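These are the residues of each chain, in order.
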Amino acid sequence: MAVTSLRRNLSVSAALGLLLVPGCHAADQALPYAEAVRTPVDEMPGLESETLSVTTDHSVVSYRYPLLSGAPALMTELRTSMAERQTAFLEELPGGGTPELHQDVALLAASSEVVGVRLTAAASAGTNDTFDARSLWYDVAGERVLPWTSLFRDEAAIEQAHLEVAGILEDSYHLPVQEMPGLVGEVAARAAQNGEEGEEGADTAAADGGAPSPGDPRDGGPDGSGEPLDLTDPEQAAEAAERWAGSPLEDLAFSTAGGLAVRMEAADVPGAGRVDEVLLPVEPGDAEELLSELGYHAREAALGRNTADEDFPLGGGLSARAGALDCERLKCVALTFDDGPGEHTDELLDILAEYDARATFYVLGSLVGEFPEPLERMAAEGHELGNHTWKHDDLAGMSGEAVRRDIERTNQAVKEVIGSDPPTIRPPYGSLNGTVREAVDQPLILWDVDTLDWQSRDTGAISEHALEHSVPGSVVLFHDIHETSVRAIPDVLSGLHREGYHFVTVTDIFGADALTAGKVYTDAQPAGQDGGDGDGEGGGD
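Quick look at the structure, then. Throughout, residues of each chain are indexed from 1 in the direction in which the sequence is written. Residues qualify for local features only when their pLDDT is at least 70, as the model is predicted, and side-chain atom pairs are given and counted only at 80 or more; totals for whole chains, interfaces and linings, by contrast, use all residues. Side-chain calculation: all heavy atoms of the structure are included, whereas hydrogens and water are not.

### A word on the pattern of salt bridges
Here is step 1: Salt bridges are identified by distance alone: a Lys or Arg side-chain nitrogen within 4 Å of an Asp or Glu carboxyl oxygen. Going through the model one piece at a time under the given rule, you end up with 27 salt bridges.
Here is step 2: As a salt-bridge pair, R426 and D338 come within 3.0 Å of each other at their nearest N and O atoms. Of the two residues, R426 is situated in the loop between α12 (400-418) and α13 (434-439) and D338 in strand β11 (residues 332-338); the sequence distance between them amounts to 88 residues.
Here is step 3: Between D346 and R377 there is a salt bridge, with its nearest N and O atoms 3.4 Å apart. Taken together, the residues span a long stretch of sequence, with D346 in helix α9 (residues 345-354) and R377 in helix α11 (residues 372-380) at a distance of 31 residues.
Here is step 4: Whether a residue is buried, partly exposed or exposed follows from its accessible area with a 1.4 Å probe, protein chains only, as a fraction of its type maximum: under 20%, in between, or over 50%, in that order. Exposure remark for D346: the relative accessible area of 35% places this residue in the partly exposed category.
Here is step 5: Judged by relative accessible area, which is 22%, R377 ranks as partly exposed.
Here is step 6: Taken together, the shared-partner salt bridges connect R38, R118, D251, R263, E265 and E277 into one network. Numbered from the N terminus, helices here are DSSP runs of H or I no shorter than four residues, and strands are runs of E no shorter than two.

What follows is the structure in structure tokens.
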């Protein structure tokens, strides 16, 4: 059975009335074209977004993402995915020039049931420009972030979607099967080869209830390996996404006509003309047979969002800490500053903002009333405040009741300024014992990298030590009351940023749910490296 009998013959005339991207096609070409439902985040009613950029002497990176108050899991995935892409970009920088990476998010669908987002990354390095895009789908009720494969009934439906694309390329662009790119070409070639076995073999398969033939993805994946997957299961849907990696369906959107809009690179579609992208239409009737229940909901959400002038159902903005980065997947480091706030703290906050860096400030309660504005700014800009006792007394020399009074007094001072208690404690000098651990209701955070900035007062030595000793998961100790320490931070940020690090708070690096009151933590390095958490007594802050 030839490939032409497996695919749908798509109507060209149905596409004639659709709007074309300006400059994409001449009117007399009449090529099939899908108008994709994609909305920039800043054009979505009721939705806030954040745009950030870091410019250094070696690169420019920027990104924009929506602030989704009702979908913290999706926010974490969006921010973490962007951070992973940024790290890969920075680790692969060429020797010269100023390469740039710009990442963005657009909305593909939005309802109280499902949200679809498109992540794009445009990189340029001299004459080498790249662009990649993929979609994520959020099941609101289940609070699950799902890959594009979840939109399809099963892997046989994914196979058929590729054949639909192949049919358009063959019928409308006159592209032979052997010249079709990537997985589309592989699937079409396999279908053609199976078809050459004759109608008799096809009839036998039909008599067996549509049993998969050798190499059919219903045997598992585009190469027919493994067991069929249940795409309603998030883990199996993710496995399917890995099997079908590189598919143009990774950048799938719904069309304004109610079908699918499949994006392909213009260079892969000879005859497309001078276009930025080729959007091939899988017609609504053909798409109907392929979608899962989630896919149906996503399609309705996409079409409803286009016609309804409503506020975004999960919008409204987030607190600065919501949607934290997943540091198990990233190179994270926690920069911490003790003994403040002080006269240099505002300058430090300015420096951190240049790198979109989050830090943790272990403040003294006795200074909170003297410097309330820096605390307010810390909270507003996404930094974390920790408890460093009232006036830097050695907790290990105090009774349990005295420890409790000191910590509670400092907690209250911070809460009066920012509205919440500090989530963690750093004992002065790193000094603690069993009495301290039993007396407190917050985790105790030490460090694995001590810059000894209080001792050396040498800006160069401070930055050099931090850069030399920091590893993924490190908690680095500084003191923002010293001008020499604050002056070291630009070099620390620049050096670690160049290596692909991301600057997070203490609770981000450990995971807020993983921290236990009274337990002592030094770093969040992966298993097998030096460090980790423990219950020992501290060192010399």
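Having seen the model, we can carry on.
### So, the packing of aromatic side chains
Here is step 1: Pairing of aromatic side chains requires ring centres within 6.5 Å, counting the rings of Phe and Tyr and the six-membered ring of Trp. Pairs whose planes differ by under 30 degrees are stacked, by over 60 edge-to-face, and all others tilted. If you walk through the whole model with that rule in mind, you get 6 aromatic pairs.
Here is step 2: With 5.3 Å between their ring centres and 20° between their planes, F337 and F478 make a pair best called stacked. Of this pair, F337 sits in strand β11 while F478 is found in strand β16 (residues 474-479), placing the two residues 141 residues apart along the sequence.
Here is step 3: The exposure class of F337 is buried, given its relative accessible area of 1%.
Here is step 4: Since its relative accessible area comes to 0%, F478 is described here as buried.
Here is step 5: Joined through ring pairs, the aromatic side chains of F337, F361 and F478 make up one cluster.
Here is step 6: A cation over an aromatic ring shows up here: R409 above the ring of W390, its NZ or CZ 3.8 Å from the ring centre. The rule is short: NZ of Lys or CZ of Arg within 6 Å of the ring centre and within 35 degrees of the ring normal puts a charge over the ring.

Everything listed is a geometric property; what it means functionally is a separate question.
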